[in-house]
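Now for the letters of each chain:
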Amino acid sequence: MSLIPTLTETLSRARADLRMGLPVLIGDHLAAAAETVSPGRVRAMLDLGPAVLAITGRRAETLKARVYDGDIARVEVARDASPDWLRALADPAGDLMTPMKGPFRCARGGDTLPHRAAIALAKSAQLLPAVLLVPSDAPPEGLTRLPPGPALAQLATEAALAPVAAARLPLLAAENARLHIFRPDDGATEHYAVEIGAPPRDAPVLARLHSACFTGDVLGSLKCDCGPQLHAALAAMGQAGAGVLLYLNQEGRGIGLANKMRAYALQNQGFDTVEANHRLGFEDDERDFRIGAGILKRLGFASVRLMTNNPRKVAMLQDQGIEVTERVPLITPRNRHNTGYLDIKAQKSGHLL
């Protein structure tokens, strides 16, 4: 066994570096997250040569920047550009106050693998998907180095999950409950499974894939239906005497709590959930539901009665080899704060509400 870090381990290091504002080397390009890089490092990078800010096509659409590379754009950055200008391109918080940020010159042609890998890395670090890149023939020593093609492929690969611990945990909804902890091999956060009773492994289990929602599950936010869905699912499993709830740490449809709060701020400006995600540079939904299928398999379940209003979850589980014998609706009461949110889930995300 080599003591040298694997690509997966190196990617975990690179995520941490970006979050701290440290550039990483992707191929022959230095790359730094626009959200976290310090003014001093911006200046040092711009002094090296022609730089670009890589953004997603979603963010480029908001900025009216030309997209020549399919789903990303490379905005050329002037040598005297300020860090505040870069952050204004990355973060839509001030878009309505200063809507005219261009005109922009966008690069076209050439190898875009480093730029795509950089955006994917920023997303996996739950940062805004906007990365400053500059070619470097003689990069500084000590930076994390990634090969762009393999890095991009690895970031799209399903993480392997390993059980870490499990123990009995009596709940209000069911005293006969057990909590399982699973740790992915890519250094990302852990995910949980709440097993109610002793469901047989040779029959469809009542199951729910529930994405973490700190605001709804913990604080009782009225802006979404997550908290009521969580408790309704546990109550149904407790009443049935058996079930499994997977609690997946994919806050804010996979964009993280900080970006979710950015999306909420945009919603306060009048944008809906999907529009807010797009203005931030994300897709409608960035979650990876393969994680749920992986946990079910590790627990020994091959078929489920899935509690969900989201047909995408049904399709994903079936694509991953988990049979969904029944979709069990999970409808909770509306309130004046979440009615618009639920309407958009139905109209734009296909939820059956």
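Bear in mind that the values here come from a model prediction, so they are computed numbers and not experimental data.

**Some details on the overall build of the chain**
Step number 1: Counting its secondary structure elements, the chain contains 14 helices and 13 strands.
Step number 2: Taken against the 2.2 N^0.38 rule, which gives 20 Å for 353 residues, the C-alpha radius of gyration of the chain at 22 Å falls within 12% of a compact globule.
Step number 3: Dimensions along the principal axes, computed over C-alpha positions, put the chain at roughly 65 × 55 × 30 Å.
Step number 4: Within the chain, the proportion of its 353 residues that are buried is 49%.
Step number 5: In the chain, the proportion of contacts linking residues at least 24 apart, taken out of those at least 6 apart, comes to 67%.

**Quick word on the domain arrangement of the chain**
Step number 1: For the chain, the assigned domains read domain 1 (7–155) and domain 2 (161–250 + 287–349).
Step number 2: Spacing between the C-alpha centres of domain 1 and domain 2 amounts to 35 Å.

**Here's the deal with the pattern of salt bridges**
Step number 1: Across all of its chains, the model carries 21 salt bridges by this definition.
Step number 2: Arg 79 is paired through a salt bridge with Asp 47; the nearest N and O atoms lie 3.6 Å apart. Taken together, the residues Arg 79 in the loop between β4 (72–77) and α4 (83–90) and Asp 47 in the loop between α2 (39–46) and β3 (51–56) connect sequence positions 32 residues apart.
Step number 3: You can call Arg 79 exposed: its relative accessible area is 57%.

**Topic: the packing of helix α5 (residues 113–124) against helix α6 (residues 148–155)**
Step number 1: Where α5 contacts α6, the axes come no closer than 9 Å and their chain directions differ by 35°. The hand of the α5/α6 crossing is left-handed. Contacts between α5 and α6 pair Leu 113, Pro 114, Arg 116, Ala 117, Ala 120, Leu 121 and Ser 124 from the former with Pro 148, Gly 149, Leu 152 and Leu 155 from the latter.
Step number 2: For the contact of α5 with α6, the residue count by class is eight nonpolar, two polar and one charged.

**Some points on the packing of aromatic side chains**
Step number 1: Applying the stated rule across the entire model yields two aromatic pairs.
Step number 2: Pairing Trp 85 with Phe 104 gives two aromatic rings, centres 6.4 Å apart and planes at 50°, and the pair type is tilted. Here Trp 85 is found in helix α4, whereas its partner Phe 104 is found in the loop between α4 and α5, with 19 residues between them in sequence.
Step number 3: The exposure class of Trp 85 is partly exposed, given its relative accessible area of 25%.
Step number 4: Residue Phe 104 is classed as buried on the basis of its relative accessible area, which comes to 16%.
Step number 5: Against the face of Tyr 68 rests Arg 108, its NZ or CZ located 4.1 Å from the ring centre.
Step number 6: Across from the ring centre of Tyr 264, 4.6 Å away, lies the NZ or CZ of Lys 223, which sits over that ring.

**Describing unusual backbone geometry**
Step number 1: Phi is positive for Gln 126, close to 60°, though the residue is something other than glycine.
Step number 2: On the secondary structure map, Gln 126 appears in the loop between α5 and β5 (130–135).
Step number 3: You can call Gln 126 partly exposed: its relative accessible area is 32%.
Step number 4: Positioned with a positive phi, Arg 253 is a non-glycine residue whose angle comes to about 60°.
Step number 5: Since its relative accessible area comes to 13%, Arg 253 is described here as buried.

**Topic: the sheet that holds strand β9 (residues 191–196)**
Step number 1: Strands sit in the order β7-β8-β9-β11-β10-β12-β13 across an open sheet of seven strands; the sheet is mixed. The sheet terminates laterally at β7 (161–168) and β13 (323–328), the two strands that pair on one side only. Strand-to-strand twist in this sheet, taken as the mean axis angle between neighbours without regard to direction, amounts to 25°.
Step number 2: In terms of strand pairing, strand β8 (residues 177–184) meets β9 through six bridges, oriented antiparallel. Bridging from a neighbouring strand, Ile 181 pairs with Tyr 192 of β9.
Step number 3: Running at roughly 140° to strand β11 (residues 243–248), helix α12 (residues 290–299) makes contact with β7, β8, β9, β10 (205–211), β11 and β12 (303–307) of the sheet.

Rules and cut-offs
All residue numbers refer to positions counted from 1 along the written sequence of the respective chain. Local features are withheld for residues below a pLDDT of 70 in this predicted model, meaning they are given only at 70 or higher, and side-chain atom pairs are given and counted only at 80 or more; totals for whole chains, interfaces and linings count all residues. Note that the side-chain values use all heavy atoms of the structure and ignore hydrogens as well as water. By definition, any uninterrupted DSSP run of H or I lasting at least four residues is a helix, any uninterrupted run of E lasting at least two residues is a strand, and each is numbered from the N terminus. Both definitions apply: the radius of gyration is a C-alpha atom measure, and the globule rule equals 2.2 Å times residues to the power 0.38. Under the scheme applied here, a residue whose accessible area is under 20% of the maximum for its type counts as buried, over 50% as exposed, and between as partly exposed, the area being computed with a 1.4 Å probe on protein chains only. Residue contacts are defined here by distance: any two heavy atoms, one from each residue, within 4.5 Å place the two residues in contact. An automatic or database domain assignment is the source of the domain bounds shown. Salt bridges are defined by distance alone: a side-chain nitrogen of Lys or Arg within 4 Å of a carboxyl oxygen of Asp or Glu. Each axis is a line fitted through C-alpha atoms, and for a helix only the stretch in contact is used; angles between axes span 0 to 180 degrees, taken between their N-to-C directions. Crossing chirality is assigned from the near helix's rotation relative to the far helix, an anticlockwise turn below a right angle marking it left-handed and a clockwise turn marking it right-handed. Residues are sorted three ways: Asp, Glu, Lys and Arg are charged, Ala, Val, Leu, Ile, Met, Phe, Trp, Tyr, Cys and Pro are nonpolar, and all the rest, Gly among them, are polar. Centre distance within 6.5 Å is the pairing criterion for rings of Phe, Tyr and Trp, where only the six-membered ring of Trp is used; planes under 30 degrees apart are then read as stacked, over 60 as edge-to-face, and the remainder as tilted. The criterion for a charge sitting over a ring is simple: Lys NZ or Arg CZ within 6 Å of the ring centre, and within 35 degrees of the ring normal. Pairing between strands is defined by DSSP: at least two bridges between the two strands are required.

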